[in-house]
Amino acid sequence: ADEEEDDDDGSEAGREVHPHVTCDGCHSGPPLVGRVMHCADCEDFDLCARCYGDLAVLGHPRGHRFRPRPAGGRRAAPSQFLLQMLESAMLSEALRRSVDADAGREDEAARAAARGAEVMERLPREAWSPALGSAEQCQGVECALCLEEYEAGEEVLKLPCGHFFHEECVKPWFAKSLLCPLCQQEVSPAAVAPDGGSSPP
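This structure is a prediction, so every number in the text was calculated from the model and none was measured. (Residues numbered from 1 in each chain as written. Predicted model: local features only at pLDDT ≥ 70, side-chain atom pairs only at ≥ 80, totals over all residues. Heavy atoms only, no water.)

Undergrad: Any chance you could explain the packing of aromatic side chains here in plain terms?
TA: Evaluation of the coordinates by the stated rule reveals four aromatic pairs. Ring centres 6.2 Å apart and planes at 80 degrees place the aromatic pair Trp128 and Phe164 in the edge-to-face group. One end of the pair, Trp128, is in the loop between strand S7 (125-127) and helix H5 (130-133); the other, Phe164, is in strand S9 (residues 164-165), and 36 residues separate them in sequence. Take Trp128: its relative accessible area is 5%, and that puts it in the buried class. (Phe/Tyr/Trp six-rings, centres within 6.5 Å; stacked < 30°, edge-to-face > 60°. Helix = DSSP H or I, 4+ residues; strand = E, 2+ residues; numbered from the N terminus. Buried < 20%, exposed > 50% of the residue type's maximum accessible area, 1.4 Å probe, protein only.)

Undergrad: Is there a simple way to explain the sheet that holds strand S4 (residues 46-48) in this structure?
TA: Within a sheet, each strand pairs with its neighbour through backbone hydrogen bonds, oriented either parallel or antiparallel. As summarised here, the arrangement of the three strands in space is S4-S3-S5, forming an open sheet in which the pairing is antiparallel. Since the sheet does not close on itself, it has two edges, and those belong to S4 and strand S5 (66-68), each with one partner. For this sheet, the mean angle separating the axes of adjacent strands, direction not counted, is 30 degrees. Sheet topology note: the strand S3 (residues 36-39)/S5 ladder contains three bridges and is antiparallel. Residue His38 lies in a different strand from S5, and its bridge partner there is Arg67. (Pairing = 2+ DSSP bridges. Axes fitted to C-alpha atoms, helices over the stretch in contact; angles between N-to-C directions.)

Undergrad: Looking at this model, I keep getting lost on the nonpolar core. Mind explaining?
TA: Most often, soluble globular proteins have nonpolar side chains that are buried together. Of all hydrophobic cores here, the largest spans 18 residues; its most connected members are Leu123, Leu159 and Phe174. Mapped onto this core, the elements with two or more residues apiece are helix H4 (78-122), strand S8 (155-158), S9 and helix H6 (167-174). With 11 residues, the next largest nonpolar core counts Cys23, Leu32, Phe45 and Leu47 among its residues. (Core = buried A, V, L, I, M, F, W, Y, C linked by side-chain atoms within 4.5 Å.)

Undergrad: What should I look at first to understand the sheet that holds S7 in this one?
TA: Taking strand neighbours across the sheet as the criterion, the three strands line up as S7-S8-S9 in an open arrangement whose pairing is antiparallel. Looking along the sheet, the strands with just one partner apiece sit at the ends: S7 and S9. Helix-sheet contacts for H6 involve S7, S8 and S9, and the interaxial angle to S8 is about 35 degrees. (Contact = heavy atoms within 4.5 Å.)

The analysis is restricted to geometry; functional conclusions fall outside its scope.
The structure is reproduced here in structure tokens:
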């Protein structure tokens, strides 16, 4: 009868599941399946049944007391384990894709800012004069972005389409878009010659 009782205890221990516990000896888990021994004298130290049998080899302080850790649940059916693993894998994949997407957006923003800076370097600067304000393709005597009137001799940035802007006004625009803020004509690096003029079509 005693042997039967021992067998039942062993069988019960074999069905124990500790879903959030890791063995501090062999680093198995989580989850740990089977009996787990918890050190009552340590804040967080657990051993699986195999490592508990080798306690002397692990170098744990000899005077420490161990007690069986209460199980967090019984062994789930294989289908439940499979669903848990699948859910965990799906969450990991979703997190990875989210991180990759964020990195992709940051990379694209950095590339756009670099293209904008390149265009800014190539665009010609001119001293503002009333003659520029009366040119056919010009938008008038004020910057269309800040709405302040140009002053005679003030340096303005000339786009290939003929529109003028304050450099500091159009710089943030070019960090996001290479289209003229007024006519939406593209201002690509290829459309601006390295010497500051417009490239021939």
